[in-house]
Amino acid sequence: MPSQGTIGDRVRGLRLSRRMSQAQLAGPDLSDSYVSLIESGKRTPTPVVARLLAERLGCTTEFLLHGIEPRQRIDTELGLRHAQLELFHGDPAIAADRFGDIVKAAGEENAMLAAHAQLGLARALEAQGLTGSAVEAYERLRREATAHPERLADLPITVALCRCYQRAGDTLRARDLGTQALSQVEPLGIEHGELAMELADALAETETGLPYVERVLAAHDTPECAHHRVDEVMALWKASVTASEGEDSALAVQLAEDAIATGRPERLAFRFARIAMNWARHTSVAAEDTDLDRANELAASATQILAELPGRVAEHARSLIVLSHVRFRSGDVEAATDFAVRALDLLVGTGGTVPATAHLVLAEIALARSQDAGPALRTAQDLLEGTAAGIDRETARAWRQLGDLWGQAGSGEEQAKAYRRALEAVGIRANMPGSTASAALVR
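Predicted model only: the values in this text are computed from it and were never measured.

Q: Where do I start with the environment of S284 in this structure?
A: Tracing the backbone through its elements, the reader meets S284 in helix α16 (residues 264-285). We classify S284 as buried; its relative accessible area is 3%. For S284 and A269, which are 15 residues apart along the polypeptide, the C-alpha to C-alpha distance reads 22 Å. With residues up to four places along the chain from it excluded, the contact list for S284 reads L292, H325, V326 and R329.

Q: Mind showing me how you'd approach the nonpolar core here?
A: Side chains of nonpolar character tend, in soluble globular proteins, to be buried together. In this structure, Y138, I157, L199, Y212, V213 and L217 are the most contacted members of the largest nonpolar core, which totals 71 residues. A per-element tally of this core places α16 first, with 10 residues.

Q: Can you walk me through the environment of A145 in this structure?
A: Relative to the helices and strands, A145 is located in helix α9 (residues 131-147). Along the chain, A145 and G209 lie 64 residues apart, while their C-alpha atoms are 24 Å from each other. Residues in contact with A145, not counting those within four places in the same chain, are L152, A153, D154 and I157.

Q: Which parts of the structure should I look at to understand the packing of helix α8 (residues 111-127) against α9?
A: For any two helices packed against each other, the geometry comes down to the angle between their axes and how far apart the axes lie. Where α8 contacts α9, the axes come no closer than 8 Å and their chain directions differ by 155 degrees. Between α8 and α9, the interaxial angle falls into the category roughly antiparallel. Crossing angle aside, the handedness with which α8 passes α9 is left-handed. Listed contacts from α9 to A115, Q118, L119, A122, R123, L125 and E126 of α8 are S133, A134, A137, Y138, L141 and E144. Broken down by class, the residue content of the contact of α8 with α9 amounts to 8 nonpolar, 2 polar and 3 charged.

Definitions and cut-offs
- Residues numbered from 1 in each chain as written.
- Predicted model: local features only at pLDDT ≥ 70, side-chain atom pairs only at ≥ 80, totals over all residues.
- Heavy atoms only, no water.
- Helix = DSSP H or I, 4+ residues; strand = E, 2+ residues; numbered from the N terminus.
- Buried < 20%, exposed > 50% of the residue type's maximum accessible area, 1.4 Å probe, protein only.
- Contact = heavy atoms within 4.5 Å.
- Core = buried A, V, L, I, M, F, W, Y, C linked by side-chain atoms within 4.5 Å.
- Axes fitted to C-alpha atoms, helices over the stretch in contact; angles between N-to-C directions.
- Parallel < 35°, antiparallel > 145°, perpendicular 65-115°, else oblique.
- Left-handed = near helix turned anticlockwise from the far one by under 90°.
- Nonpolar A, V, L, I, M, F, W, Y, C, P; charged D, E, K, R; others polar.

What follows is the structure, given as structure tokens:
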């Protein structure tokens, strides 16, 4: 197990266990006062000095610097890679357990590995939908990144918090964090890579920083999701596990890194699709000056990508619903109907907000055709009634849209009920009989 304490603690402990004075450890190359400063934590030995001290203390440089032997360190690195693969391509609950184990194994003396494992744990909590726990974990990491910038970068944590606060219903906090992240990115000119895509995704979801979102979209061609490489990822992952069982840890780490790199195009493609979908959704509901051709192009691209990604059925359905709404705004009612129906076909047997939104588009189409929208509105309402209670911006938007459509259909009572539920979905309890809440409250 790793040694407790700092580098200075390890130097002092090993020196005393070998019955050496500071002068003896310093030898002809160093001064005993310099050794004293290292032991007190006031100086950190350079790599050259660390190797010299390790030789005289009879330990490895790795142990002296990190409190962990090379084999232990590489095994911990391997555990981190396998936890990342579990997060990206497996079960996030299992990933959370593995990241937690790594945090314990790394300890305070291997703070950088522990910090990266804590970040992985926060991401695994988020992937499980445990947004509150994820926010707590990210906030702790953000404080640590401020105190120890050499261990963790603050920017990815700020982006993750922006995303989580938005999903938790705190749009003001999410937009503030998005603005902070954008102020860090803009001077660097970052418009490519996973971090830029992750930030653009969060900004598109919060409907802020849209000029940056547009630049990121413009900087990327519609990516090929490389879904056919999923088997390659799994094969490399399996090979890494086999190598680790054969105690070939260095090879196992390399294979795990290859597996993570092989899955990167799919992760980027998914991010691009989400950004494109949310940009198109925002554009399609804007009152004026909307570029519906661009919205249609992006929504179609998102649909194409998500259709090819395994395990992304709900996101694929969302993209079809956005595309349906864009086509409706463009006047292509037949195509709009077809896309909404296709989304419902994907969601057969599924309840909740996503199928409800598809029925809302069908209701909007019915009203535009002067047809009875009641059946579609009632189905949407039943689906929304069945959603779990809690703060949810997507559900709030759906209730608000339902209220708008009930109003167009001439049912003021149902409209008021839907608006109250929209407010409740963003954490506002309103006792306002007959009230018609402003749509701006839940947008």
